[in-house]
Amino acid sequence: MHKNRAILLTTALLAGLIGQAGAADPAVERGRYLVAVGGCNDCHTPGFAQHGEAVPEADRLVGGVVGFSGPWGVSYPANLRLQASASAEAEWMRRARAGGRPPMPWSALQAMTDEDLRAVYRYLRQLGPAGVAAPTAIAPGEPIPTPHFVFVPQPPTTTKLSAAR
Ligand code: HEC
């Protein structure tokens with residue numbers, strides 16, 4: 001009897017330890033760090049540009065509906081959590097390496113080692129799926145049914161904006 005209880009206790013302790021090890025997965029921590037220094041939240045997290053670190057991690061990287069319009073048409077910051085949750089690791093790596101439309105800094109992802117990219121993937125998987133998919137990209141010249149930023153260089157101005165109002 002005593003022996004059985006000892007075994008149960010040991011099993012419970014081990015399960016606890018393994019659970020803790022999972023929470024502190026170094027790849028997940030590395031991914032969290034790379035996303036922070038890579039500025040990924042600036043585009044992929046709604047409100048991050050305005051509120052920064054005040055946006056809870058649980059609400060981050062869910063993509064957005066405000067498009068980026070330029071010669072490439074219109075691109076939308078993808079919901080990285082849904083995309084990672086729906087992709088196997090190898091498929092996600094291929095997508096990250098393939099590149100796509102601006103202003104996504106594709107070169108930043110492409111400059112990462114496989115190990116670092118995998119860490120970003122692991123972090124996204126750990127955050128889990130949330131939110132809805134971003135709108136599909138729009139080809140150049142097509143109507144744009146969402147709010148969007150226009151990437152068009154403007155001429156210099158000579159008056160203060162406040163005075164011009
Ligand atoms: C300046 C805004 C911006 C920043 C900063 C940014 N992204 Fe993106 N990202 C986008 C846009 C816009 C797209 C959609 C591109 C397209 O349509 O080809 C995108 C697409 C992606 C995709 C493809 C998703 C899919 O569903 O195909 C991945 C993966 C991704 N970004 C990861 C990152 C990571 C990781 C970082 C930080 C290192 C980052 N992004 C930083 C704007 C940004």
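Preceding this paragraph is the structure being described.
Residues numbered from 1 in each chain as written. Predicted model: local features only at pLDDT ≥ 70, side-chain atom pairs only at ≥ 80, totals over all residues. Heavy atoms only, no water.

Peer 1: How should the coordination of the iron atom of the ligand be read in this particular structure?
Peer 2: Metal coordination angles have textbook ideals: 109.5 degrees for a tetrahedral set of four donors and 90 or 180 degrees for an octahedral set of six. Protein coordination at the iron atom of the ligand: the donors are H44 (NE2) and M104 (SD), at 2.0 to 2.1 Å from the metal. For the iron atom of the ligand, the six donor atoms in the first shell make angles of 87 to 179° at the metal, a pattern classed as octahedral. Pair noted here: H44 is in helix α3 (residues 40-44) and M104 is in the loop between α6 (89-98) and α7 (106-110), with a separation of 60 residues, a long-range link. Judged by relative accessible area, which is 9%, H44 ranks as buried. (Donors = N, O, S within 2.8 Å, 3.2 Å for Na, K, Ca; no water. Tetrahedral: all angles 85-135°; square planar, octahedral: opposite > 155°, others 65-115°. Helix = DSSP H or I, 4+ residues; strand = E, 2+ residues; numbered from the N terminus. Buried < 20%, exposed > 50% of the residue type's maximum accessible area, 1.4 Å probe, protein only.)

Peer 1: I tried to follow the sheet that holds strand β2 (residues 73-75) on my own but got confused; where do I start?
Peer 2: The strands making up a sheet associate through backbone hydrogen bonding, with each pair oriented either parallel or antiparallel. A sheet is described by the order of its strands in space; here three strands give the open sequence β2-β1-β3, paired in mixed fashion. The open sheet has two free edges, formed respectively by β2 and β3 (148-150), since each of these has just one partner strand. Across the sheet, the mean angle separating the axes of adjacent strands is 30° when strand polarity is ignored. With three bridges connecting them, strand β1 (residues 67-70) and β3 associate as parallel partners. (Pairing = 2+ DSSP bridges. Axes fitted to C-alpha atoms, helices over the stretch in contact; angles between N-to-C directions.)

Peer 1: Any chance you could explain the site of the ligand here in plain terms?
Peer 2: In the vicinity of the ligand there are 20 residues, among which C40, C43, H44, R95 and M104 approach most closely. In this structure, an oxygen atom belonging to the ligand sits 2.6 Å away from a side-chain N or O atom of R95. For the ligand, an oxygen atom lies 2.8 Å from a polar atom in the backbone of R101. Only α3, α5 (80-86) and α7 provide two or more residues apiece to the shell around the ligand. Per-element tally for the shell around the ligand: the top contributor is α3, with three residues. Its residues placed into classes, the shell around the ligand shows twelve nonpolar, six polar and two charged. (Near = heavy atom within 4 Å. Polar contact = N/O pair within 3.5 Å; in protein donor to acceptor, adjacent residues only side chain to side chain. Nonpolar A, V, L, I, M, F, W, Y, C, P; charged D, E, K, R; others polar.)

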